[in-house]
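# Breakdown of the fold
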Protein chains: 2
Amino acid sequence: MDRDSAFYSIIDYTVDGPGTQQELVAVFSEIQERWVRFYPGYQSARFHVSTDGTRVYNIVRWASEADYRNFVDTSDSEGRMTAIRKALEGLSGKAEARMSGVPTYTVVREIGPGPQRVDA
Amino acid sequence: MDRDSAFYSIIDYTVDGPGTQQELVAVFSEIQERWVRFYPGYQSARFHVSTDGTRVYNIVRWASEADYRNFVDTSDSEGRMTAIRKALEGLSGKAEARMSGVPTYTVVREIGPGPQRVDA
């Protein structure tokens, strides 16, 4: 596969340890449940936590860019942002956003298993 | 699903525009082909590019942590690192690593589609 038609947003934080990592996953899971998961085309939010306890990536997958745009246009972004801010303030440790620019993504290439490429 | 048994490494760069973004995907794809994709348990490298042209995430998936450890222990890490350094030096634009700490991850939680949670 060289391209998929899904559309992603990636939420990316550094945290000060495994406890905060767990808390961040818990509060962002609740954000998905209360604010996101019921919109058409929502497929998943997958929480990737680093084995050293210092980072969390939440990768949210939509069926298409149109579904994501519909979510942005019709959802209560201000309410959601307030909920996220409150959730972050309620953490016992520190979490720092590492996003830069617009947090929307497409997957343009996938390299699957295969033989070693050895041409010069 | 609340947990999967796969093991991930996440390679994360900011870049100075869509051209560099494309180049970075091309050179890291070649790194996968020449140095990684033939090890047991390798499943995929998926290149997520931001729609604003400024960021690239490469999410590499292994069947298990043991497979990843075997790759690290038995592969030519020094050769691979040299190849990556040369690839980055050959870009026409700028790319800056955004990794922090150990770049290995597990997925600890997935929130699928469902009804809006409305409890207090």
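Our subject is the structure that appears above.
Because the structure is predicted, anything quoted here is derived from the model rather than measured.

## Let's talk about the relation of the copies chain A and chain B
Superposing chain A onto chain B requires a rotation of 180° together with a translation of 0.0 Å along the rotation axis, leaving an RMSD of 0.0 Å. The superposition operator between the copies reduces to a two-fold rotation axis. In terms of C-alpha distance to the rotation axis, chain A has A:Arg98 as its closest residue, with the C-alpha 4.2 Å off the axis. Taken as a fraction of all interface residues of chain A, those also at the interface in chain B reach 100%, which identifies the copy contact as same-surface.

## What to know about the interface of chain A and chain B
Between chain A and chain B, the residue contacts involve 54 residues of the former and 54 residues of the latter. Interface area lost by chain A to chain B is led by A:Arg34, A:Ile111 and A:Arg117, which between them contribute 15%. Counting the contacts that link chain A with chain B gives 10 salt bridges. Close ionic contact of A:Glu33 with B:Arg117 constitutes a salt bridge, the shortest N to O distance being 2.9 Å. For the pair chain A and chain B, the interface holds 38 residue pairs in polar contact (both at pLDDT 80 or more). Counting residues per element, the ones that place at least two in the side of chain A that touches chain B are strand E1 (7-15), helix H1 (18-36), strand E2 (42-50), strand E3 (55-62) and strand E5 (104-111) of chain A. Ranked by residues supplied to the side of chain A that touches chain B, first place goes to E2(A) with nine residues.

## Describing the packing of aromatic side chains
Each aromatic ring pair is specified by the distance between its two centres and by the angle formed by the two planes. Tallied over the full model, the rule gives 19 aromatic pairs over all chains. Centre to centre, the rings of A:Tyr57 and B:Tyr57 are 5.5 Å apart; their planes meet at 85°, and the pair counts as edge-to-face. In this pair, A:Tyr57 is assigned in strand E3 and B:Tyr57 in strand E3 (residues 55-62), connecting two distinct chains. For the pair A:Tyr57 and B:Tyr57, one class covers both residues: buried. Here B:Tyr42 and B:Trp62 contribute two aromatic rings whose centre-to-centre distance is 5.6 Å and whose plane-to-plane angle is 80°, an arrangement assigned as edge-to-face. Linking B:Tyr42 in strand E2 (residues 42-50) with B:Trp62 in strand E3, this pair joins segments that are 20 residues apart in sequence. The exposure class of B:Trp62 is buried, given its relative accessible area of 1%.

## Some details on the packing of H1(A) against helix H3 (residues 77-89) of chain A
Residues and elements named next belong to chain A. Running from N to C, H1 and H3 point in directions that differ by 160°, and their axes come no closer than 10 Å. The angle between H1 and H3 falls in the class roughly antiparallel. For the crossing formed where H1 meets H3, the hand is right-handed. Residue-level contacts link Leu 24, Val 27, Phe 28, Ile 31, Trp 35 and Val 36 of H1 to Gly 79, Arg 80, Ala 83, Ile 84, Ala 87 and Leu 88 of H3.

## A few points about empty space enclosed by the protein
Residues and elements named next belong to chain A. A full pass over the atoms with the stated rule returns one cavity of 30 Å³ or more. Quantified by volume, the largest cavity comes out at close to 30 Å³. What lines the largest cavity is Ile 11, Tyr 13, Leu 24, Phe 28, Phe 47, Val 56 and Asn 58. If you list the elements that add at least two residues to the lining of the largest cavity, you get E1, H1 and E3.

## Quick notes on the pattern of salt bridges
Enumeration over the complete set of coordinates arrives at 20 salt bridges over all chains. Notably, a salt bridge pairs B:Asp12 with A:Arg55, separated by 2.9 Å at the nearest N-O pair. Of this pair, B:Asp12 sits in strand E1 (residues 7-15) while A:Arg55 sits in strand E3, placing the two residues on different chains. The pair B:Asp12 / A:Arg55 is uniform in exposure class, with both members buried. With its nearest N and O atoms 3.9 Å apart, the salt bridge here joins B:Arg85 to B:Glu89. A residue pair is termed a helical-turn pair when its members lie 3 or 4 positions apart in one helix, as B:Arg85 and B:Glu89 do in helix H3 (residues 77-89) at four residues. It is possible to trace a salt-bridge network through shared partners that takes in A:Glu30, A:Glu33, A:Arg34, B:Arg109, B:Arg117 and B:Asp119.

About the thresholds
Residues numbered from 1 in each chain as written. Chains lettered and ligands numbered in written order. Predicted model: local features only at pLDDT ≥ 70, side-chain atom pairs only at ≥ 80, totals over all residues. Heavy atoms only, no water. Least-squares fit on C-alpha atoms with pLDDT ≥ 70 in both. Contact = heavy atoms within 4.5 Å. Buried area = accessible area lost by both parts, 1.4 Å probe. Salt bridge = Lys/Arg side-chain N within 4 Å of Asp/Glu carboxyl O. Polar contact = N/O pair within 3.5 Å; in protein donor to acceptor, adjacent residues only side chain to side chain. Helix = DSSP H or I, 4+ residues; strand = E, 2+ residues; numbered from the N terminus. Phe/Tyr/Trp six-rings, centres within 6.5 Å; stacked < 30°, edge-to-face > 60°. Buried < 20%, exposed > 50% of the residue type's maximum accessible area, 1.4 Å probe, protein only. Axes fitted to C-alpha atoms, helices over the stretch in contact; angles between N-to-C directions. Parallel < 35°, antiparallel > 145°, perpendicular 65-115°, else oblique. Left-handed = near helix turned anticlockwise from the far one by under 90°. 1 Å grid on protein atoms, 1.4 Å probe; cavity = no way out; pocket = protein on both sides within 12 Å on 5 of 7 lines; lining within 4 Å. Points joined across faces, edges and corners; volume = space filled by probe spheres on them.

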